[in-house]
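Descriptive analysis of the structure
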Amino acid sequence: MLFGYKPSKIEADSVMSSVNPNTSGVLLEEFLNVIRKKREAQLYRNEIRHIFTAFDRHYRGYLTLEDFQKAFKQVAPKLPERIILEVFREVDQDSDGHVSFKDFEYATNYGQNEA
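Just so you know, these numbers come straight off a predicted model, no measurement behind them.

Some thoughts on the side chain of aspartate 92
Here aspartate 92 is to be found in the loop between α4 (81–91) and β2 (99–100). With no salt bridge to any partner, buried aspartate 92 finds its closest opposite charge in arginine 89, at an N-O distance of 8.0 Å. At 3.2 Å, the side chain of aspartate 92 and the backbone nitrogen of aspartate 96 are in polar contact. Apart from the residues lying within four places of it in its own chain, the contact partners of aspartate 92 are Gly97, His98, Val99 and Asp103.

Okay, structure coming up:
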């Protein structure tokens, strides 16, 4: 652990693979790059959690179709009801009638790595 951060094995291997075997240690720039990426990912995840919590007005830990309808009415009042239903069904990956934070996070990240 360094500065309160414990890199995963994959992160450590990634950094170490860029190390020149003729030198000792990791370049500060490489280390800071890994820390910056981790920090950005954490900030993004916190933002997604904040949005999810704003939609989850009853603090149940999941969203219902009613929660989706209320949220969409605030941010897109002219959006047809059938579109909201389609979005809900798409995000509700296991079709249990609830959108968990995991479902919500997956939906918000969908297509991010394709650009």
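Moving on from the coordinates now.
Re the pattern of salt bridges
The tally for this structure, following the rule as stated, stands at six salt bridges. Across the salt bridge formed by lysine 73 and glutamate 81, the nearest N and O atoms sit 3.6 Å from each other. Given a relative accessible area of 36%, lysine 73 falls into the partly exposed group. Glutamate 86 serves as the salt-bridge partner of arginine 82, at 3.7 Å between the closest nitrogen and oxygen. Taken together, the residues span about one helical turn, with arginine 82 and glutamate 86 both in helix α4 at a distance of four residues. Exposure remark for glutamate 86: the relative accessible area of 47% places this residue in the partly exposed category.

What about the packing of aromatic side chains?
According to the stated counting rule, one finds six aromatic pairs in the structure shown. Centroid distance phenylalanine 68 to phenylalanine 72: 5.7 Å. Interplanar angle 35°. Geometry classified as tilted. You can see phenylalanine 68 and its partner phenylalanine 72 sitting in helix α3 (residues 65–75), four residues apart, about one turn around the helix. Per residue, the accessibility class of phenylalanine 68 equals that of phenylalanine 72, and both read buried. One aromatic cluster in this structure is built from Phe52, Phe55, Phe68, Phe72, Phe88, Phe101 and Phe104. Above the face of the phenylalanine 101 ring, arginine 49 is positioned so that its terminal group lies 3.7 Å from the ring centre.

Criteria and cut-off values
Sequence order as written defines residue numbering, which begins from 1 separately in each chain. For a predicted model such as this one, the threshold for reporting local features is a pLDDT of at least 70, and the threshold for listing and counting side-chain atom pairs is 80 or more; totals across whole chains, interfaces and linings nevertheless cover every residue. The basis for every side-chain value is the complete set of non-hydrogen atoms in the structure, without hydrogens or water. Only DSSP runs of H or I reaching four residues or more are called helices, and only runs of E reaching two or more are called strands; each is numbered from the N terminus. Throughout this description, buried means an accessible area under 20% of the type-specific maximum (1.4 Å probe, protein chains only), exposed means over 50%, and partly exposed covers the range between. Residues counted as positive are Lys and Arg, residues counted as negative are Asp and Glu, and His and the chain ends are not counted. Basic side-chain nitrogens of Lys or Arg form a salt bridge, by our definition, when they fall within 4 Å of a carboxyl oxygen of Asp or Glu. What qualifies as a polar contact is a pair of N or O atoms within 3.5 Å, subject to a donor-acceptor requirement within protein and to the restriction that residues adjacent in sequence count only when both atoms come from side chains. Here, two residues are considered to be in contact whenever any of their heavy atoms come within 4.5 Å of each other. Each Phe, Tyr or Trp ring, with Trp reduced to its six-membered ring, pairs with another whose centre is within 6.5 Å; inter-plane angles below 30 degrees give stacked pairs, above 60 give edge-to-face pairs, and intermediate values give tilted ones. In this scheme, Lys NZ or Arg CZ marks a charge over a ring once it lies within 6 Å of the ring centre and within 35 degrees of the ring normal.

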